[in-house]
Amino acid sequence: MPDVQSMVLEFVNKLRKRKIEGSQATARCTVELLRSVISHHRVPHANQASALIDAVKAVGAQLVAANPVELAVGNVVRRVLHIIREEDLSLATAAVAGLDLLDASDDDEDVNGKGIGYPGMSAAVVAAAARSTLRPPSLQTLLEGTPESATVPYTSSSGADSESKTADKSSITRKLKHDVIEGVNQLIHEIAGCHEQIAEQAIEHIHQNEVILTLGSSRTVLEFLCAAKEKKRSFRVFVAEGAPRYQGHLLAKELVARGLQTTVITDSAVFAMISRVNMVIIGAHAVMANGGVIGPVGVNMAALAAKKHAVPFVVLAGSHKLCPLYPHNPEVLLNELRSPSELLDFGEFSDCLDFGTGSGSPLLQVVNPTFDYVPPSLVSLFITDTGGHNPSYMYRLIADYYSADDLVM
Amino acid sequence: MGAQKKGGARVSDDSEEQSRQRLQAILLADSFTTKFRPVTLERPKVLLPLVNVPMIDYTLAWLESAGIEEVFVFCCAHSTQIIDYLETSEWRTHPNLVVRTIESHKSISAGDALRYIYEQQTETSQIQGDFVLVSGDTVSNMPLADLIQEHRERKKKDEKAIMTMVIKKSKPSLITHQSRLGTDQLFIAVDPLTKQLLHYEEDKVEHARGSVCLDKSLMESNPSVLLYNDMQDCYIDICSPEVLSLFEDNFDYQHLRRHFVKGVLVDDIMGYKIFTHEIGSSYAARVDNFRSYDTVSKDIIQRWTYPYVPDINFGGNRPVKLGREGIYRACDVVQSRSADVGASTVVGYGTKIGNGDRILNSVIGSGCIIGSNVVIEGSYIWNNVTIEDGCEIRNAIVCDGVRIRAGAVLEPGVVLSFKVVVGRDFVVPAYSKVSLLQQPMKEDSDEELEYADSSSGAADRLSGLSLEMESKGSELGPDGAGYIWEVCEGAHDEEWKHSVAPIPEDKLAEITQAMDDYDDMEDESVVPTSGELKSDADSINTDVNDPGDDYGYFEKEVEGTFLRAVEEGIKVELGVLEINSLRLSYNMESADCAGAIFYSMMKLAVDTPHSSGSELYKNAASIIAKWKGLLGFYVKQTDEQIEVIMKFEEMCQETAKELGPLFAQILHVLYEKDVVQEDAIMRWAEEKAGADEADKVYLQQCETFIQWLKEASEEEDEDDDEEDD
């Protein structure tokens, strides 16, 4: 097994050199790395939860510093921290209340993880249920019946044989790490499966003979459109090419390969074509706590066009893209300026960049931002792996996924 | 589950890795020039900050991310500083890149460095295969893995393809004939299909008046040639191990381009080939002089070097935040509200910017303190510099620890080396270079040599200098410290070309004027930018040098070669090769060769001790008999044979009068040995028939011989019509 520290260094290095592209890949790598950090971390007897939290935070800080623009890294680190806190809390609750949830939750995970594959049934959910015994129930748990109903039998059943199994201190210490790793595995599973989760809902949103506009390339959007296609919906897709990296071309290729009717347009033609479009669907790079979206450059223009023509603007985002931060100056601070060589050919323009003549100050400036910020007012609907949500509801989702203590790392 | 999969993949990767070679690079951490003086007297060039990051970090970060696994850093001048830096930097513990240092104090050029590495190689065999050769001042983001693969495959097919050179399109200025990096305009000729480099010429501005000198044989041997004048040499080479041994064999190779590349190109014997690779969207440039320091810095700020830009932590640097208008600012900068920090500016950690300052297009390092109402434009302020109130700094480089007192002005192109103090209200004149170290005395002009000499002594001098400074009044005002270096007379004109400051308007106008005049004079159009030249385009063969003069040198060289061949008993074929290479390098016709060889042969005959005319004749005859193969190689045409006879005649008249009486006899020998054909002699005789009496001396001497020839031919041609004359 390779040394954890060197794995961290290697990943940090990749992040710095911008060698990992796409928030899903980054999220996966991050969570897998954190899992090995946790499993290799020797926990002391006392206060192990905080020891784990410190270890994860230390690694997380390095990762976030390596590429502050890739918000998925920070999100996943916070999610893992949240898992640790929740597991700790549930163990503590179990100890205090004399409940032995541990066996139950383990069995429950095994069944769910392999059999049904329903993501809601994780240790975190059980922990949330346990927490709900201590705190007033949240809006979500009230609205969503499933977790409550799923967990209720366990609490009652485990409550029944609480006398037989008294929480042993040493077993708890081993349990915590084990549970956390289980929870992280669940998270890995969730990130890996987010495309399918989102795509399952496609049929509810895409209707017969509709025209869908998308911009840039997103795996989530691709799966979403294909899922609708598989369900025998016939519709057409307009793909804005997404200059200057032209990832829309790749998406168009994939769509055609899967047998979808596809039209490629330039980014600047979005306004002209929007009147024929029934819905705009884009994949997000990150979703901020206020419901604002960071997406590929050009998305804001598409959103404005959609607003102007009252076309629904739908954003697809896996839950690892939910960022608990509020955007401040997102056009600049949450953006990344890439090389001008994607826009211009250096050789062709080298005479414009000759600083030896003239005033010596560069007359030609090239700005090549990677991302665009779409304010929440332009977004009609978010589709995440837990369902469709309004932009104003984002803060609530975030409160369920993250602990308030971890917002500032 | 994911981890297991990964583990499985890694195992198979390992077995693959063992079969392939490690990717290695040699990084020359010494430029072996003096262009960055006086700064480089105190710190090696590769450690100079380029947008607040030492240059070598850019190179190492790029090599690492391009997949290079092992780098040999060759340190020469200030080697301890470089090694110390590498020891403390994060490169020492880097997981993917092993950085090793090679130290040598004797090397005074890139050639020496490679020879040293080759010597080491015999003991340690560190370099296992192809390697990347770069200097420590390269900034690039180009991928290397594919290029190395391409090089290897080419090498497999063609043993002689020993090097791949990276070039990038970059238009030179039409006025100054200088690239944007401040280097001279580059002319290269490339085979359009194979990308083989055929010609490489870094022209001096004086020669670059739109003409280029190409060897005719180049046109003969290649169906088409692509000629570029808008390429920039990136000084990134993929080399095979043969390159090292070539340097070892040719101990006089010093410069990588001027000697090595040119040497390989003219060398027909070994037949080694160099190929080029043009990079498209990636960036690559070398910081070679102050002009390129300025240009590359601006390219970095403009993000052409992405991801090696100031707001990304790519190798040990502390990233700074990028704001609007391309302003990079560290998070703890203290900036007055009234200060105006303009576009394309970088401000490092812990720097304080005072009231009313105006900063534009500049890079300011860490820990600087800038007073009020200071103007900084297009300048590079390194770390811990103190600038007092009201200073004006335009297009200057200010090194670490400098103190500029209130009201001082730095005019464009000024370079202040470490810890210089500029006195109150002092105006540092344009293009002056100021250092605490005194300018070394006049040295011989070999620029490669002077660097190593002075750098070794620099440290000693530095210690004694502080005492000296106090006693002596400064050249930078009463409260200043430092010497203004004098510019050598020859270089004075060049100063503006390679400075950080843009070229002033009046200079540009001057050059344009000069060019116009020249054009009027020559009425010659400028060679169009790169285009394909067909092989019939001999017209571009315009020789800059005086051809007569060249011939003299050529003759001497041929004579030397010939004598050596006689002494060492070299075979005729090898002699032909050697003379061919001389012919190529001097751009001579084969008639010239024939003349020169014959001249050498006769000279040898005359110089061989002899007592009488008959002995001399014997000598000459035996030499002709022995070396007729060599001469015969060049006298296949009648014209060439006539040239030999004329040469002979000339010799008899001028240099070797002893041969005069033997003219007819030796001509007879030449005829018998088939060196000179009958036709040639006849035509020579015809030509001479109309000449002055004085010129006819030798013709008369051979009259009987010619008569005999005529008769012989008439006998042969009896059936044919009788020839006139």
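Looking up chain B in an unreviewed UniProt entry gives the name Translation initiation factor eIF2B subunit epsilon, with the organism given as Brassica campestris. If you open the UniProt record of chain B and go to Sequence similarities (unreviewed entry), you find "Belongs to the eIF-2B gamma/epsilon subunits family." Under the UniProt heading Subcellular location (unreviewed entry), the entry covering chain B gives this text: "Cytoplasm, Cytosol".

As named in an unreviewed UniProt entry, chain A is Translation initiation factor eIF2B subunit beta, taken from Brassica campestris. You can read under Sequence similarities (unreviewed entry) in the UniProt record for chain A the words "Belongs to the eIF-2B alpha/beta/delta subunits family."

> Would you mind showing me how to read the overall build of chain B here?
Along the backbone of chain B there are 21 helices and 36 strands. Intrachain contacts of chain B at a sequence separation of at least 6 include 61% that bridge at least 24 residues.

> Can you walk me through empty space enclosed by the protein in this structure?
Left-over empty space is what a probe sized like a water molecule reveals as it rolls over the atoms. All names here are of chain B. Scanning all chains against the criterion turns up 5 cavities of 30 Å³ or more. Put simply, the largest cavity is a space of about 160 Å³. What lines the largest cavity is a set of 19 residues, among which Ser179, Thr183, Asp184, Gln232 and Asp233 lie closest to the centre. Among the secondary structure elements, those contributing two or more residues to the lining of the largest cavity are strand S12 (231-239) and strand S14 (284-286).

> Whenever I open this one, the nonpolar core confuses me. Can you help?
Residues and elements named next belong to chain B. By size, the foremost hydrophobic cluster in this structure holds 104 residues, and its most contacted members are Ile68, Leu144, Ile236, Ile387, Ile404, Leu410 and Leu416. Tallying contributions element by element places helix H2 (residues 55-65) first for this core, with 7 residues. Excluding residues within four positions of it along the chain, Leu144 makes contact with Trp62, Leu63, Ala66, Ile68, Val132, Ile236 and Ile238.

> Help me understand the sheet that holds strand S4 (residues 279-283) of chain A, please; the structure alone is not making it clear to me.
The strands making up a sheet are joined through hydrogen bonds of the backbone, oriented either antiparallel or parallel. All names here are of chain A. Strand order across the open sheet formed by 7 strands is S3-S2-S1-S4-S7-S9-S10, with mixed pairing between neighbours. Taken across any chain shown, the strands that pair with only one partner, and hence form the sheet edges, are strand S3 (261-265) and strand S10 (387-389). Ignoring which end each strand starts from, the neighbouring axes of this sheet average 25° apart. In this sheet, strand S9 (residues 381-384) lies alongside strand S7 (residues 313-316) in parallel orientation, the contact comprising 3 bridges. When the bridges of S9 are listed, Val314 appears paired with Leu381. Helix-sheet contacts for helix H14 (residues 299-308) involve strand S1 (211-215), S4 and S7, and the interaxial angle to S7 is about 145°.

> Which parts of the structure should I look at to understand helix H4 (residues 110-124) of chain B?
Since one α-helical turn is 3.6 residues long, residues separated by three or four positions face the same way. Residues and elements named next belong to chain B. Taking 1.5 Å of rise per residue, 15 residues should cover 21 Å, and H4 covers 20 Å from first to last C-alpha, within 8% of that figure. Within the sequence span of H4, burial applies to Ala110, Gly111, Asp112, Ala113, Leu114, Arg115, Ile117 and Gln121. Where H4 terminates, the next one or two residues include Ser125, which has phi positive at roughly 40°.

> In this structure, what is going on with the packing of aromatic side chains? I would like to understand it.
Each aromatic ring pair is specified by the distance between its two centres and by the angle formed by the two planes. Residue and element names in this part refer to chain B. Per the counting criterion, the structure on display carries 14 aromatic pairs over all chains. With centroids separated by 4.8 Å and ring planes inclined at 15°, the aromatic side chains of Phe247 and Phe260 adopt a geometry described as stacked. Residue Phe247 is found in helix H7 (residues 242-249), and its partner Phe260 is found in helix H8 (residues 256-266); the two are separated by 13 residues along the sequence. This pair shows no difference in class: Phe247 is buried, exactly as Phe260 is. Through successive ring pairs, a cluster of aromatic residues spans Phe36, Phe290, Tyr293, Tyr380, Trp382 and Phe418. The residue whose ring lies beneath Arg318 is Tyr349, and the NZ or CZ to ring-centre distance is 3.6 Å.

> How should I be thinking about a nonpolar patch on the surface in this particular structure?
A surface patch of nonpolar side chains, about 330 Å² in accessible area, is lined by Ile269, Met270, Leu574 and Leu577 of chain B. Looking at the secondary structure, you find Ile269 of chain B in the loop between H8 and strand S13 (273-279).

> Mind showing me how you'd approach the interface of chain A and chain B here?
The extent of an interface is frequently quoted as the accessible surface area lost upon association of the parts. Contacts between the two partners involve 40 residues from chain A, matched on the other side by 44 residues from chain B. In total, about 3900 Å² of surface goes out of reach between chain A and chain B, with carbon and sulfur atoms giving 53% of it. Of all residues in chain A, Arg16, Lys17 and Phe346 of chain A give up the largest surface area on contact with chain B, accounting jointly for 18% of the area buried on that side. Taken together, the connections running from chain A to chain B amount to 5 salt bridges. Where Glu90 of chain B meets Arg16 of chain A, a salt bridge forms, and the shortest distance between an N and an O atom there is 3.2 Å. When contributions to the side of chain A that touches chain B are tallied by element, the ones reaching two or more residues are helix H1 (4-16), helix H2 (23-40), helix H15 (330-333) and helix H16 (346-349) of chain A. Along the lines of polarity and charge, the residues of the side of chain A that touches chain B split into 14 nonpolar, 13 polar and 13 charged.

> When you look at the packing of helix H17 (residues 638-653) of chain B against helix H18 (residues 663-672) of chain B in this model, what are you seeing that I'm missing?
The angle between the axes and the distance between the axes are what describe a pair of packed helices. Residue and element names in this part refer to chain B. Following both chains from N to C, one finds H17 and H18 inclined at 155°, their axes separated by 12 Å at the closest point. Here H17 is positioned roughly antiparallel relative to H18, judged by the angle of their axes. Considering how the two elements wind past one another, H17 and H18 form a crossing that is right-handed. Between H17 and H18, the residues in contact are Ile645, Phe648, Glu649 and Cys652 and Phe663, Ile666 and Leu667, respectively. Along the lines of polarity and charge, the residues of the contact of H17 with H18 split into 6 nonpolar, no polar and 1 charged.

> What should I look at first to understand the state of the cysteines in this one?
A disulfide bridge is the covalent bond that connects two cysteines by way of their sulfur atoms. Counted according to the given criterion, the structure contains 0 disulfides over all chains. Unpaired in terms of disulfides, Cys352 of chain A finds its nearest cysteine sulfur in Cys234 of chain B, a separation of 19 Å. In this structure Cys352 of chain A comes out as partly exposed when scored by relative accessible area, which is 40%. Sulfur of Cys368 of chain B: no disulfide; nearest cysteine sulfur belongs to Cys399 of chain B and is 12 Å away.

> How do you make sense of unusual backbone geometry when you look at a structure like this?
Excluding glycine, a negative phi dihedral is what most residues carry, and trans is how most peptide bonds are arranged. The residue after Arg37 of chain B, namely Pro38 of chain B, is reached through a cis peptide bond having omega 0°. Of note, Pro38 of chain B is situated in the loop between strand S1 (24-28) and strand S2 (49-50). Of note, the bond from Tyr306 of chain B into Pro307 of chain B is cis; its omega dihedral lies within 30 degrees of zero at 5°. Mapped onto the secondary structure, Pro307 of chain B falls in the loop between helix H9 (290-301) and strand S15 (321-322). The backbone of Asn209 of chain A sits at a positive phi, close to 65°, despite the residue not being glycine. Counting through the fold element by element, Asn209 of chain A comes out in the loop between helix H10 (202-205) and S1. According to the relative accessible area criterion, Asn209 of chain A is exposed, its value standing at 60%. If you check the backbone angles, Tyr431 of chain B has positive phi at about 60° while not being a glycine. Mapped onto the secondary structure, Tyr431 of chain B falls in the loop between strand S33 (427-428) and strand S34 (433-435). Overall, the relative accessible area of 18% leaves Tyr431 of chain B in the buried class.

> I'm lost on the pairing of S4 of chain A in this one. Help?
Each regular strand displays side chains that alternate between the two surfaces of the sheet. Residue and element names in this part refer to chain A. The buried count for S4 comes to 5 of 5 residues, which makes it a mostly enclosed element. Across the two faces of S4 the burial is the same, with Met279, Ile281 and Gly283 and Val280 and Ile282 all buried. Two strands pair when backbone bridges link them, and S1 and S4 are joined in this way by 2 bridges, in the parallel orientation. Looking at the pairing, Ile212 lines up with Met279 of S4. Sheet analysis places S4 next to S7, joined by 4 bridges and oriented parallel. Each residue of the ladder has a partner; that of Gly283, found in S7, is Leu316.

> Quick question: what am I supposed to make of the side chain of Gln641 of chain B here?
With respect to the helices and strands, the residue Gln641 of chain B is situated in helix H17. Once residues within four sequence positions are removed from consideration, Gln641 of chain B is found in contact with Val635, Lys636, Val675, Val676, Gln677 and Ala680 of chain B.

> I'm lost on the sheet that holds strand S5 (residues 286-287) of chain A in this one. Help?
Residue and element names in this part refer to chain A. Strand order in the open sheet made by the 3 strands is S5-S6-S8, with antiparallel pairing throughout. The outermost strands of the open sheet, each flanked by one partner alone, are S5 and strand S8 (371-374). Sheet analysis places S5 next to strand S6 (residues 293-296), joined by 2 bridges and oriented antiparallel. Counterpart to Val287 in the pairing with S6 is Val293.

Rules and cut-offs
- Residues numbered from 1 in each chain as written.
- Chains lettered and ligands numbered in written order.
- Predicted model: local features only at pLDDT ≥ 70, side-chain atom pairs only at ≥ 80, totals over all residues.
- Heavy atoms only, no water.
- UniProt positions renumbered as here; feature names shortened; annotations may be inferred.
- Helix = DSSP H or I, 4+ residues; strand = E, 2+ residues; numbered from the N terminus.
- Contact = heavy atoms within 4.5 Å.
- 1 Å grid on protein atoms, 1.4 Å probe; cavity = no way out; pocket = protein on both sides within 12 Å on 5 of 7 lines; lining within 4 Å.
- Points joined across faces, edges and corners; volume = space filled by probe spheres on them.
- Core = buried A, V, L, I, M, F, W, Y, C linked by side-chain atoms within 4.5 Å.
- Buried < 20%, exposed > 50% of the residue type's maximum accessible area, 1.4 Å probe, protein only.
- Pairing = 2+ DSSP bridges.
- Axes fitted to C-alpha atoms, helices over the stretch in contact; angles between N-to-C directions.
- Expected span 1.5 Å × (residues − 1).
- Phe/Tyr/Trp six-rings, centres within 6.5 Å; stacked < 30°, edge-to-face > 60°.
- Lys NZ or Arg CZ within 6 Å of the ring centre and 35° of its normal.
- Patch = residues over 30% accessible without salt bridge, like charges linked within 9 Å, V, L, I, M, F, W, Y side chains within 5 Å.
- Areas by Shrake-Rupley, 256 points an atom, 1.4 Å probe, with all protein chains shown as cover.
- Salt bridge = Lys/Arg side-chain N within 4 Å of Asp/Glu carboxyl O.
- Buried area = accessible area lost by both parts, 1.4 Å probe.
- Nonpolar A, V, L, I, M, F, W, Y, C, P; charged D, E, K, R; others polar.
- Parallel < 35°, antiparallel > 145°, perpendicular 65-115°, else oblique.
- Left-handed = near helix turned anticlockwise from the far one by under 90°.
- Disulfide = S-S within 2.5 Å.

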